[in-house]
Each structure stands twice: as C-alpha cells, then as structure tokens.
Amino acid sequence: MASVAGSLRCFGPVALLALSPLLGVAPASAAVSEDSCEIVEAGATWGFKESFRAYISSSIAQGEWVVSGDVGYDTPDFVLTSGSGSLAPDLTSGDLSFSGAIEFLGHGGILDTTLGNPSLTMTGTREALLTIDVTGDTMEELSVDLERVRFATVGWSESDVTLDSESGLWEVRGAVVTLTREGAEAFGTYPPGETLDPLSWNITTTPGCLEQRGLAWGWILGGVAGLGVILAAGMWAIARGNKSRGPERP
Ligand code: HEM
C-alpha cells in the first residue's frame, strides 16, 4: 500500500518548495546577499532646527551658516549627498555616513559651532542613532571638540517608508529626530528630549538585496496553498494504491 510518507518522498522537491515559506527557507534567488547590502547612492535632507536657523538669521545673532564638503543648503533644508555605507537586508542594522559640515556663525564670531560628518546607524526596527562631530562653544561657554557624538535618536513609522527591493530603493520621509543627553551636552542650550527638525533620506542599495516587507503574508498564503497541494497529492496516491490492490477477499 502506498503510504503518505512514500507519497511525500515522491513529491519531495515539490514538498520542500511548498514548505519553504513555513520553514523560513527562501528560494536561493530571493536574496542576493545574506549579510549586508552595499549603499550605492544616498542622500538626505535635514533642517537641523528651524528655530535655531531663525535665531542665527535674526537681528539677535546676526549670523549665517557655511556649508562644506557633501553638505549643501536648499531652504529650508541642509542637503546631504554622496552617502555611503551598508545595511542589513532587514534594515535593522547598518550605517549611512556623509562627509561635510555646517558651520553656524553669530554674535560677531562668539557663536561658531560646526556640526560635521553626520552618520545614521540603524539600531532596530524603524529606529536609528544620528552621530555627529561637534566643535564650538556652547551658550553656557563650554568649549566642545568631539567626534562621533551620539547626537539624536531617529524614529519613523511604516507610513513614512517607501521600499522597493527590486530596484534597491529605500526612502524614509520625515523621521522624528530627538536630541539625546550627549547631544544636549555637546550643543548646549536645548535640553535632552528636544525635538529637532524631521529627517528624510533616500538610499539605493544593490538591487534585490533588501528584504521586501509585506511579502510575509504572500509567503504564508503560498505555504498554505502548497501544503494543500501536497495533501491532495498524498490522498490521491493512497487512493490509487488501494484501488490497484483490488477488493479484499473474505
Ligand atoms: C554673545 C553671546 C550670545 C548672546 C548674547 C546670545 C543670546 C541669545 C538670545 C537672546 C537668545 C534667545 C533668542 C530668542 O528667543 O529669539 C539665544 C538663543 C539661543 N542661543 Fe544664544 N547667545 C549667545 C551665544 C550663543 C552661543 C555661543 C551659542 C552656541 C551654539 C548659542 C546658542 C543659542 C541657541 C541654540 C538658542 C536657542 C535658539 C532657538 O531655537 O530659539 N548662543 N541666544
């Protein structure tokens, strides 16, 4: 008599393919890289803090800002270009780094603060840490010259995200940026927890490398359908086996 196990052996490759979503095994063609996806191109826009820019331009500070390297300015945002780094396919780790700086000047040169080389480190699902080099004197007259200050936390929701694994595009619009204690100490004036301007970025990675979210349900439905096919095939094989043995004699 044909057993279910025998039928499964017979349908082995089909069974594996059908079960792969449930076992968490993706077909080899689904992921180009298992470890990280290289950033091919990246840019970001960030106003830093609208009220600070207004203060710098005001009659109080009578200042300006000077951008350098891969940082530009297009009202009301600083525009970062030529970002580099790599990201985990699920976007929960990895780095995006920019070079260049913004120098804020005011009060006839008493205010001279430079924020340089911003870097975004992914720290989990839809969260990151913004690291910046900070140089200058705070309003509390503390002289600062620090590299890679853990300046702000960055958080965003699913609705801020555009993700297209096929082309390698990952965009986040309007992530919330919150000053950390370390950032507050380095910049001065603002307390920890102060909300800075929203941050947006667009990244292109190696095509096909990022995990396409939203596929999970497709995989589950595919797996259930696949199991249905296997069961039907098994039942058919059992029925055929019984038939070929003929009726049992008393
Ligand atoms: C001659 C020295 C300075 C004077 C007289 C001065 C004065 C002021 C005043 C009057 C305000 C309030 C502005 C307003 O509410 O519209 C202010 C705000 C501020 N100042 Fe200064 N300041 C000085 C130096 C500095 C320095 C060296 C820094 C370092 C970055 C600094 C950073 C700030 C910041 C971050 C704010 C808050 C801006 C905002 O978001 O509203 N100031 N300052």
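It should be emphasised that the depicted structure is a prediction, and the values quoted were computed from it without experimental measurement.

Participant: What should I look at first to understand the nonpolar core in this one?
Facilitator: Of all hydrophobic cores here, the largest spans 48 residues; its most connected members are Phe48, Phe151, Val154, Trp156, Trp170 and Trp201. Setting aside residues up to four positions removed in sequence, Trp156 forms contacts with Met122, Arg126, Glu127, Ala128, Val161, Trp170, Val172, Ala175 and Trp201.

Participant: Help me understand the site of the ligand in this model?
Facilitator: Close contacts around the ligand come from 14 residues, with Ser51, Tyr55, His107, Met139 and Tyr190 the closest. A distance of 3.0 Å separates a nitrogen atom of the ligand from a polar side-chain atom of His107. Taking Tyr190, its side chain carries an N or O atom lying 2.4 Å from an oxygen atom of the ligand. Looking at the shell around the ligand, the elements that each hand over two or more residues are α3 (50–57) and β8 (111–124).

Participant: I would appreciate a short explanation of the coordination of the iron atom of the ligand in the present structure.
Facilitator: Between any two of four tetrahedral donors, the ideal angle at the metal is 109.5 degrees; between two of six octahedral donors, it is 90 or 180 degrees. Every protein donor of the iron atom of the ligand is accounted for by Tyr55 (OH) and Met139 (SD), and the metal-donor separations fall at 2.0 to 2.3 Å. Taken together, the six donor atoms coordinating the iron atom of the ligand and their angles of 84 to 179° define a geometry best described as octahedral. One end of the pair, Tyr55, is in helix α3; the other, Met139, is in the loop between β9 (127–137) and β10 (143–155), with 84 residues separating them in the sequence. We classify Met139 as exposed; its relative accessible area is 57%.

Participant: Honestly, the environment of Thr180 in this entry has me stumped. Any pointers?
Facilitator: Mapping Thr180 onto the fold places it in the loop between β12 (169–179) and α4 (181–187). Each C-alpha atom of the pair Thr180 and Val149 lies 9.6 Å from the other, and the pair is 31 residues apart in sequence. Setting aside anything within four residues of it in sequence, one finds Thr180 in contact with Arg150, Phe151, Ala152, Thr153 and Pro192.

Participant: It is not clear to me how the packing of aromatic side chains should be interpreted in this structure. Could you clarify?
Facilitator: Applying the stated criterion across every chain, the model contains 18 aromatic pairs. Plain terms: the ring middles of Phe48 and Phe151 are 6.3 Å apart, the flat faces sit at 45° to each other, and that makes the pair tilted. With a gap of 103 residues between them, Phe48 in the loop between β1 (37–46) and α3 and Phe151 in strand β10 connect regions that are remote in the sequence. Both residues of the pair, Phe48 and Phe151, belong to the buried class. Among the aromatic residues, those joined into a cluster by ring pairs are Trp46, Phe48, Phe52, Tyr55, Trp65, Tyr73, Phe78, Phe104, Phe151, Phe187 and Tyr190. Above the plane of the ring of Tyr190 lies Lys49, whose end atom (NZ or CZ) is 5.1 Å from the centre.

Participant: Please explain unusual backbone geometry as it appears in this structure.
Facilitator: Trans peptide bonds make up most of the peptide bonds, and negative phi angles are found at most residues other than glycine. A cis geometry characterises the amide bond from Thr75 onward to Pro76, with omega recorded as 5°. At Arg148, a position not held by glycine, the phi torsion is positive, near 50°. Relative to the elements of secondary structure, Arg148 occurs in strand β10.

Participant: Which parts of the structure should I look at to understand α3?
Facilitator: Among all positions of α3, only Phe52, Arg53 and Ile56 are buried. Seen along its axis, α3 keeps its buried residues to an arc of 100°; they face one direction. The inward-facing, buried residues of α3 contact β2 (64–69), β3 (71–74), β4 (77–80), β7 (100–106), β8 and α4.

The rules behind each value
Residues numbered from 1 in each chain as written. Predicted model: local features only at pLDDT ≥ 70, side-chain atom pairs only at ≥ 80, totals over all residues. Heavy atoms only, no water. Core = buried A, V, L, I, M, F, W, Y, C linked by side-chain atoms within 4.5 Å. Buried < 20%, exposed > 50% of the residue type's maximum accessible area, 1.4 Å probe, protein only. Contact = heavy atoms within 4.5 Å. Near = heavy atom within 4 Å. Polar contact = N/O pair within 3.5 Å; in protein donor to acceptor, adjacent residues only side chain to side chain. Helix = DSSP H or I, 4+ residues; strand = E, 2+ residues; numbered from the N terminus. Donors = N, O, S within 2.8 Å, 3.2 Å for Na, K, Ca; no water. Tetrahedral: all angles 85-135°; square planar, octahedral: opposite > 155°, others 65-115°. Phe/Tyr/Trp six-rings, centres within 6.5 Å; stacked < 30°, edge-to-face > 60°. Lys NZ or Arg CZ within 6 Å of the ring centre and 35° of its normal. Arc of directions from axis to C-beta.

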